[in-house]
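In case you want the letters, here they are:
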Amino acid sequence: MEYRELGWTGLKVSAVSLGAWQFSESWGVLDYNLAKSIIEKAVNVGINFIDTAAVYGRGKSEEFVGRALKELGVKDKVLIATKLPGDFMNEYDVFKGTERSLKRLGVDIIDLMQVHWPPIWHNFPTCEYMRALERLVIMGKIRYIGLSDFPVELIESARQCLSVTDIVSIQIRYNLVERYAEKELIPYAEREGLAILAWSPIAKGALSGKYDSKNLPQFTDVRANDAVFHPENMAKLDVLINKLRELSQKYNKTPTQIALRWLLQYTPNVIPIPGAKSPQQVEENAGAADFILSLEDFLELDRISRSIRISYVTW
Ligand SMILES: NC(=O)c1ccc[n+]([C@@H]2O[C@H](COP(=O)([O-])OP(=O)(O)OC[C@H]3O[C@@H](n4cnc5c(N)ncnc54)[C@H](OP(=O)(O)O)[C@@H]3O)[C@@H](O)[C@H]2O)c1
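### Brief notes about the state of the cysteines
For the structure on display, the rule yields one disulfide. Here Cys127 pairs with Cys161 through a disulfide, and the sulfurs are 2.0 Å apart. The S-S bond linking Cys127 to Cys161 shows a torsion near -80 degrees; that makes this disulfide left-handed. You can see Cys127 sitting in helix H4 (residues 126-138) and its partner Cys161 sitting in the loop between helix H5 (152-160) and strand S8 (167-173), a full 34 residues away along the chain. Under the relative-accessibility criterion, Cys127 is labelled partly exposed at 27%. On the accessibility criterion, Cys161 (2% relative accessible area) is buried.

Listed below in structure tokens is the structure:
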């Protein structure tokens, strides 16, 4: 496993880490023992960073992560990132929500607390929640603060509210089909020395090579209405998926590993956090960290992925 800097913290986290949204009704891993076996495999292959959130299964994911790390005896070896939703971003709820997350995770301090999304429907003032989070850092309940799904302008305003600390990371949707973050967010994070946690790094499985326009998935999970899987968009993806399949033969890797590897090579700041529904998937995903794509192949994937424009207007 390769390890990367978590922003300016000095902490080293696995270049491919683990997303834990899968431990929820949204994705269907509701059996604790299965979740524990995924986490156990993650730790065994060198993953030391797990991303969860209060909203994932309304606390279930946090509970599973905390319980598994404790039972496996690796609580001190793995860093946990969690998130408070935008809806909780008034001062009172930042404290109350953090208290609940601490309890569910069974820890004394949360390594990385992220604002899951800005409080767009609630009109909570930015400095109110940022200062509440900073107070929790001062009190030793949160180690570091991160922002998720924030545009650059709002990241800037949020950072200006802090007096004694700064954010360490941003979390963004980033995969070979959805590269919009390359325009503003990634250059910003690179300039500012922030870690970039990449969510949906395999486009929710669309880049795994399991699906294509002739083999469209019939999802009943969170992906049922996902634009990427709309037949019109999947038809556009075929050329990319076929290239990933071709390169997987060349490198003796899987299409998923090639897709993750491309992100890792785009910038050293990026830390993909793919979700996994089995120990096999987590092991495979970790395998993206131990090989290198040639410049030629990197650029060919870049060219093909740039030629695809999916549409979110699907209805
Ligand atoms: N901050 C945010 O707003 C936000 C939003 C979304 C996600 N996230 C975080 O990012 C993490 C990852 O994102 P995501 O779950 O949306 O998408 P993802 O990681 O791109 O895709 C995960 C799905 O892909 C399939 N998969 C995973 N590994 C595979 C492998 N090796 N081979 C074949 N298929 C594989 C699995 O589903 P199937 O096997 O059923 O195909 C899995 O559930 C989440 O767990 C969460 O922690 C954050």
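### Re helix H8 (residues 255-266)
For H8, with twelve residues, the first-to-last C-alpha span of 17 Å sits near the 16 Å given by 1.5 Å per residue. The element H8 is largely enclosed, with a buried count of ten among its twelve residues. All of the buried residues in H8 are Pro255, Thr256, Gln257, Ile258, Ala259, Leu260, Arg261, Trp262, Leu263 and Leu264. Elements that come into contact with the buried residues of H8 comprise strand S1 (3-5), helix H7 (231-251), strand S10 (270-272), helix H9 (279-286) and helix H10 (295-306).

### Comments concerning the packing of H8 against H10
Their axes nearest at 11 Å, the elements H8 and H10 cross at an angle of 100 degrees. By the angle between their axes, H8 is roughly perpendicular relative to H10. Contact residues: H8 offers Ile258, Trp262, Gln265 and Tyr266, while H10 offers Phe298, Leu301 and Asp302. The residue makeup of the contact of H8 with H10, split by class, is five nonpolar, one polar and one charged.

### Regarding the environment of Pro274
Assignment of secondary structure puts Pro274 in the loop between S10 and H9. A relative accessible area of 1% places Pro274 in the buried class.

### Concerning the site of the ligand
Neighbouring the ligand are 31 residues; Asp51, Asp149, Ser200, Lys210 and Arg223 lie closest to it. At 2.8 Å, a side-chain N or O of Ser148 approaches a nitrogen atom of the ligand. With the chains in place, 94% of the 900 Å² that the ligand exposes on its own is no longer accessible. Of all the elements, H9 adds the most residues to the shell around the ligand, at three residues. In terms of residue class, the shell around the ligand is made up of eleven nonpolar, twelve polar and eight charged.

Reading guide: rules and limits
Residues numbered from 1 in each chain as written. Predicted model: local features only at pLDDT ≥ 70, side-chain atom pairs only at ≥ 80, totals over all residues. Heavy atoms only, no water. Disulfide = S-S within 2.5 Å. Helix = DSSP H or I, 4+ residues; strand = E, 2+ residues; numbered from the N terminus. Buried < 20%, exposed > 50% of the residue type's maximum accessible area, 1.4 Å probe, protein only. Expected span 1.5 Å × (residues − 1). Contact = heavy atoms within 4.5 Å. Axes fitted to C-alpha atoms, helices over the stretch in contact; angles between N-to-C directions. Parallel < 35°, antiparallel > 145°, perpendicular 65-115°, else oblique. Nonpolar A, V, L, I, M, F, W, Y, C, P; charged D, E, K, R; others polar. Near = heavy atom within 4 Å. Polar contact = N/O pair within 3.5 Å; in protein donor to acceptor, adjacent residues only side chain to side chain. Areas by Shrake-Rupley, 256 points an atom, 1.4 Å probe, with all protein chains shown as cover.

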